[in-house]
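Here's the letter readout for the chains.
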Amino acid sequence: MFGNDWDEILQDETGKPYFKDLMAWLDHEYREHMVFPPRPLLFQALKLTPYHKVKAVIVGQDPYYKLGQAHGLSFSVMPGVRIPPSLHNIFKEMSADLNVPVPLNGTLTPWAEQGVLLLNSILTVREGMPNSHLGKGWEIFTDAVITKLNEAPFPIVFVLWGNYARRKGAIIDARRHEIIASAHPSPLSARHGFFGSRPFSRCNAFLSSHGRTPVDWRLF
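Residues numbered from 1 in each chain as written. Predicted model: local features only at pLDDT ≥ 70, side-chain atom pairs only at ≥ 80, totals over all residues. Heavy atoms only, no water.

Enquirer: Talk me through the overall build of the protein; I want residue IDs and the actual numbers.
Expert: Counting its regular elements, the protein contains nine helices and six strands. Whereas a compact globule of 220 residues would reach a radius of gyration of roughly 17 Å, the protein reaches 17 Å, a difference of no more than 12%. Expressed as lengths along the three principal axes of its C-alpha atoms, the size of the protein is roughly 45 × 40 × 30 Å. Evaluated residue by residue, the protein yields a buried proportion of 55% over its 220 residues. Contacts in the protein between residues at least 24 apart in sequence constitute 66% of all its contacts with a sequence separation of at least 6. Here the protein contributes 23 positively and 20 negatively charged side chains, and the mean placements of these two sets differ by 6 Å. (Helix = DSSP H or I, 4+ residues; strand = E, 2+ residues; numbered from the N terminus. Rg over C-alpha atoms; globule rule 2.2 N^0.38 Å. Buried < 20%, exposed > 50% of the residue type's maximum accessible area, 1.4 Å probe, protein only. Contact = heavy atoms within 4.5 Å. Lys, Arg positive; Asp, Glu negative; His and termini not counted. Charge placed at Lys NZ, Arg CZ, Asp CG, Glu CD.)

What follows is the structure, encoded as structure tokens:
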């Protein structure tokens, strides 16, 4: 399903009745409605970032709900797509934090390939209907992913932006891992604790202090 060590890590989870029911329900949703991301990109975050390579996790809520944006990575957009407001604020904070240029490209695949798991709490959405797949079972699955990462024998940085993502912090052992929590980068809340939070340098400082290679956050 994932093509890497997540297959074994999540084998029990994907065999549970709720997950099978979720996949059957999604088959119907994809047939009857426009659903994002496209079906082949449904598990892109897990496919691009194998379990053993995870250094950091950035938790989003659900995918972008407009045509051509979502491709299975939280906050990321397809190549050539205009950068959405929340991602623009993420880039502004990254530029201020690391003294690097603001990227002109909103595709975050290079982060995923370096070990940044870009995980939405809910992995699908109907076109034009944010939160339309809330409560269908995805939250159980992504909680299981976070639980497995919490059990990892190596330290991980969990980046939790906004109240929705911060709820995931309840299943993370902050004695072993680093939790970087702040306001959401949305234009509605970014000035209430996101700007100035310096998540990128803090993430790399933690990784370096534990003998792990920092993330090159720059996007060109």
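There is more to say, and it comes next.
Enquirer: How would you summarise the packing of aromatic side chains if you had to cite specific residues and measurements?
Expert: For the structure shown, the criterion picks out 17 aromatic pairs. Ring pairing ties together the aromatic residues Phe 75, Phe 91, Trp 111, Trp 161, Phe 194, Phe 195, Phe 200 and Trp 217, which thus form one cluster. (Phe/Tyr/Trp six-rings, centres within 6.5 Å; stacked < 30°, edge-to-face > 60°.)

Enquirer: So what about unusual backbone geometry? Which residues, and what values?
Expert: That bond from Phe 36 to Pro 37 is cis: its omega, -5 degrees, falls within 30 degrees of zero. Of note in the backbone geometry, Asn 99 takes a positive phi value of approximately 55 degrees without being a glycine. When its relative accessible area of 71% is taken as the criterion, Asn 99 is described as exposed. Located in the positive-phi region is Arg 198, a residue other than glycine, with phi close to 55 degrees. With respect to the helices and strands, Arg 198 occurs in the loop between β6 (178–182) and α9 (199–209).

Enquirer: Give a detailed account of the pattern of salt bridges, specifying residues and quantitative values.
Expert: Applying the stated rule across the entire model yields seven salt bridges. A salt bridge links Asp 27 to Arg 39, with the shortest nitrogen-to-oxygen separation between them at 2.9 Å. One end of the pair, Asp 27, is in helix α3 (residues 17–32); the other, Arg 39, is in the loop between β1 (35–36) and α4 (44–48), and 12 residues separate them in sequence. When the shortest N-O distance is used, the salt bridge between Asp 97 and Arg 198 registers 3.0 Å. Taken as a pair, Asp 97 in helix α5 (residues 85–98) and Arg 198 in the loop between β6 and α9 lie far apart in primary sequence, 101 residues in all. With a relative accessible area of 44%, Arg 198 lands in the partly exposed category. (Salt bridge = Lys/Arg side-chain N within 4 Å of Asp/Glu carboxyl O.)

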